[in-house]
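# Summary of structural features
Below, each chain spelled out in residue letters.
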Amino acid sequence: MSANTDQLSIDTIRVVAADMVQAANSGHPGAPMGCAPMAHVLFTRFINANPRHSKWLNRDRFVLSNGHGCALHYVLLHLMGYKLSLDDLKNFRQLGSKTPGHPENTHTDGIEVTTGPLGQGISNAVGLAIAERHLAATFNKPGFPVIDNTVYAIAGDGCLQEGVASEASSLAGHLELGNLIVLYDSNGIQIDGSTKLGFTEDVLKRYEAYGWHTLEVADGDNDLEGLTRAIEAAKAVKDKPTIIKVTTTIGFGAAKAGTAGVHGAPLGAEGLAAVKSRFGFNPEESFVVPDAVTKFYAERAAHGAQLEEEWNQLLVKYAQEYPDLHADLVRRIEGRLPENWESALPRFTPEDKPVATRKLSEGVINAIAPILPELIGGSADLTGSNLTRWKGAEDFQPESTNLGSYAGRYLRFGVREHGMAAISNGIAAYGANIPFASTFLNFISYAAGASRLSALSEFRVLYIMTHDSIGLGEDGPTHQPIETFAMLRATPNYLNFRPADGNEVSGAYYAALTHATRPSVLSLTRQNLPHLEGSSVENTLKGGYHLKTYGSASTPDLLIVGTGSETSIAVGAAKLLAEKEGLTVKVVSMPCLELFNEQPEPYRHEVLTPGVPSVSVEALSTFGWHKYVHHPIGIDTFGASGPYQQLYEKFGLTPEVISQKALKVVEYYKSHAVPTLDLDF
């Protein structure tokens, strides 16, 4: 490759990226123009991938953490031959295009993770690196390095200011992830202006303190060989992740280069023409890719295809030597769960003793972890409270710590909820793993930036959240979620479970594990709950169902919908109303509103019974319940500190109080029409 072709390629990336932003009249030309040299070096000299088969498991991964610069990534994917045409580049940021305003893994071939919210991408990269190390330790054998790839990321100043990046980077250093290389685009500019306004720390010293290997390239605008040597040096270090500070000029070549003016706005017709003239392009032409550039990138893509072919041949030999391991690897790559795995899920009867649903969750994990080797995850320093570590589990740790190995499947995330969620997204993105993350339900709010991206990215991440309501008791309102579940239920593509007993816990795990493109929250109690008559794993999969009717009339006088720990309280209220007031009360259990919403309308109406007054009972915010019931009963203030039994009394969540409120609802609708709810139009 001649130096002239290198420079022509870099200038092509700069000009086409600027063309994209100009055509859209929207976007960020500065980062693509500044990062073009380092990205070109990465893609043409280091990243091993096959654009014709973008999901090849053993490919190197690339993450653009500063996702606003995605025009850079899209140009590179086009040059490499991914399913991204020049017309797709011309449709940048247009409705329905393959080139949205920030990278989305579900939209664009070759995008590994959805980035844009700063700090998420570098944190995802940590998860990708963990997944690679774990699979390598699990499946590699002497002479058979079937899992052997590197995770590369480009991150900017904004990424490294975000707390989530600090959380994930700290853990990456502890875990000695030598397969992770981050190029830090240090251009000294952000939206408000110079980073001198508020970001003057020595980033490399910070990362050195995290346990990273640190390097620096002083002239990221021109020094291609310096970039190459730095990346080669990073790859040679096997026991530390590496961050390479690359000093660049944002918007290199533009009139406003080196200023915030080139960060997030088109260059303008005159400015773009001047850039093209400077780099030797015709100012009258747009979206021009010289043949020499196309040819060179095609050669690199062919190299990646050859590497995959060699890997496929290695896999054939691996199958002969290690047929069981090969079969399991292929199953996991294809995303198939082990045959008949669900038969291990525990089932219960009302005669079984009351148990906290977090304890029931522990039982499920112990039952399925030995037969689901792809299940990997851990807790944010709450293992003893979340009950997420199964018997015989090994920690995922570097062997130098004598605390575990990379073959271990239990992650000690530390008090890093946001980092935990972002790392879990990376593990899910890698493939062949199903990650779970655990903390108190209230603290998923710490992780919301990343947990939201689980849903947008269609990643199967299990959020095992305990201490799910005022039922946690004495820790008080700082720890008691009120509004949290309303936020989660409002998030598209989520499954949010509040299981009422053991069968519903098992059903929640079944649903969470079989929905491969949706994250799930399993909200679990600290306090013991009885096993309910009428509950089942199968009913849980419908999201809501008729649990039992108390009373003898053919048509109920009242419907009570319960969820989670309040379902047994709803049953208690129904019994009181039947025994003392002579009413017939239908009790519905609603462990997952999202699954219930997806049932056919006739089923939903059969469950909710139009024409019958209804109430719901949940020890959380009543927000959202008016769609399903006429009068929701819950908590619309913060909680309080005290024994949980006293708290339920204080907030009126007892069978006695609920039955009295329900009576008022019944009386009201004796003289008023009963509205039909949950309609589709």
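Structure: above.
The structure reproduced in this document is the subject of the present report.

Before going further, it helps to spend a moment on the overall build of the chain. Scanning the chain from N- to C-terminus turns up 24 helices and 20 strands. Compactness check: the chain gives a C-alpha radius of gyration of 28 Å against a globular reference of 26 Å for 681 residues, within 12% of the reference. If one aligns the C-alpha atoms of the chain with their principal axes, the spans along those axes are about 90 × 60 × 45 Å. For the chain, the residues scored as buried account for 61% of the 681 residues in total. Here the analysis covers contacts within the chain between residues at least 6 apart in sequence; of these, 78% occur between residues at least 24 apart. Accessible surface computed for the chain: about 25300 Å², of which carbon and sulfur atoms make up 50%. Positive and negative charge centroids in the chain, built from 55 and 74 side chains respectively, lie 1 Å apart.

Before going further, it helps to examine unusual backbone geometry. Of note, the phi angle at glutamate 176 is positive, near 55°, even though the residue is not glycine. Positive phi, normally seen in glycine, also occurs at phenylalanine 287, with a value near 55°. Exposure remark for phenylalanine 287: the relative accessible area of 10% places this residue in the buried category.

Reading across from one edge, E16-E18-E17-E19-E20 is the order of the 5 strands in this open sheet, with mixed pairing throughout. In this open sheet, the two strands that pair with only one neighbour each are strand E16 (545–550) and strand E20 (631–633). Averaged over all adjacent pairs, the angle separating strand axes in this sheet is 20°, with direction ignored. When E16 meets strand E18 (residues 585–589), the two strands line up antiparallel, connected through 5 bridges. Bridge pairing links lysine 548 to valine 587 in E18. The strands touched by helix H20 (residues 567–581) are E16, strand E17 (558–562) and E18; relative to E17, the strand with the most contacts, the crossing angle is about 160°.

A few words now on the packing of helix H2 (residues 30–45) against helix H9 (residues 224–236). The N-to-C vectors of H2 and H9 enclose an angle of 55°; their axes lie 10 Å apart at closest approach. Of the possible angle classes, the one that applies to H2 and H9 is oblique. Along this stretch, H2 crosses H9, giving a crossing that reads as right-handed. Where H2 abuts H9, its residues Pro37, Met38, Val41, Leu42 and Arg45 lie against Leu224, Glu225, Leu227, Thr228 and Ile231.

To continue, consider the sheet that holds strand E6 (residues 213–217). Strand pairing within a sheet occurs via backbone hydrogen bonds; the two strands may be parallel or antiparallel. Ordered in space as E1-E2-E3-E7-E6, the 5 strands form an open sheet in which the pairing is parallel. With partners counted over all chains shown, the strands left at the sheet margins are strand E1 (61–64) and E6, one partner each. Strand after strand, the sheet turns through a mean of 15° between neighbouring axes, direction not considered. Summarising the sheet, E1 and strand E2 (residues 151–156) pair through 4 bridges and their orientation is parallel. Pairing of arginine 61 across the sheet is with valine 151, part of E2. Contacting E1, E2, strand E3 (180–186) and strand E7 (242–247), H2 runs over the sheet at an angle of about 175° to E2.

A word on the nonpolar core. Membership of the largest hydrophobic core comes to 74 residues, with the highest contact counts inside it found for Ile130, Val146, Leu180, Ile243, Tyr463 and Val521. Of the residues forming this core, the biggest block, 10 residues, is contributed by helix H5 (residues 120–139). In contact with leucine 180, other than residues within four places in its own chain, are Ala125, Val126, Ala129, Val151, Ala172, Trp212, Pro241 and Thr242. Ranked by size, the runner-up nonpolar core spans 50 residues in total, among them Cys35, Ala39, Val217 and Val246.

Structurally, tryptophan 311 is set in helix H11 (residues 291–321). Given the relative accessible area of 8%, tryptophan 311 is considered buried. Separated by 167 residues in sequence, tryptophan 311 and phenylalanine 144 place their C-alpha atoms 9.6 Å apart. For tryptophan 311, the residues in contact, after removing those within four places along its chain, are Trp56, Leu57, Asn58 and Val146.

Enumeration over the complete set of coordinates arrives at 23 salt bridges. With a closest N to O distance of 2.9 Å, aspartate 328 and arginine 331 form a salt bridge. One end of the pair, aspartate 328, and the other, arginine 331, are both in helix H12 (residues 323–334), 3 residues apart, so they sit about a helical turn from each other. With a relative accessible area of 8%, arginine 331 lands in the buried category. Three or more residues are tied together by salt bridges with common partners; here these are Asp468, Arg489, Arg498, Glu566 and Glu618.

With that settled, the discussion passes to the pairing of strand E19 (residues 614–617). Neither face of E19 is exposed, since Ser614 and Ser616 on one face and Val615 and Val617 on the opposite face are all buried. As paired strands, E17 and E19 are joined by 4 bridges and run parallel to one another. In the sheet register, isoleucine 560 faces E19, and the bridge partner there is valine 615. Bridge analysis of E19 against E20 gives 3 bridges, and the strand direction is parallel.

Because an α-helix packs 3.6 residues into every turn, residues spaced three or four apart end up facing the same way. Helix length check: H5, at 20 residues, gives a terminal C-alpha distance of 28 Å against a target of 28 Å (1.5 Å per residue), a fit within 8%. Burial of H5 is extensive: 17 of the 20 residues sit out of reach of the surface.

Rules used throughout
Residues numbered from 1 in each chain as written. Predicted model: local features only at pLDDT ≥ 70, side-chain atom pairs only at ≥ 80, totals over all residues. Heavy atoms only, no water. Helix = DSSP H or I, 4+ residues; strand = E, 2+ residues; numbered from the N terminus. Rg over C-alpha atoms; globule rule 2.2 N^0.38 Å. Buried < 20%, exposed > 50% of the residue type's maximum accessible area, 1.4 Å probe, protein only. Contact = heavy atoms within 4.5 Å. Areas by Shrake-Rupley, 256 points an atom, 1.4 Å probe, with all protein chains shown as cover. Lys, Arg positive; Asp, Glu negative; His and termini not counted. Charge placed at Lys NZ, Arg CZ, Asp CG, Glu CD. Pairing = 2+ DSSP bridges. Axes fitted to C-alpha atoms, helices over the stretch in contact; angles between N-to-C directions. Parallel < 35°, antiparallel > 145°, perpendicular 65-115°, else oblique. Left-handed = near helix turned anticlockwise from the far one by under 90°. Core = buried A, V, L, I, M, F, W, Y, C linked by side-chain atoms within 4.5 Å. Salt bridge = Lys/Arg side-chain N within 4 Å of Asp/Glu carboxyl O. Expected span 1.5 Å × (residues − 1).

Limitation: the analysis is restricted to geometry and does not speak to function.
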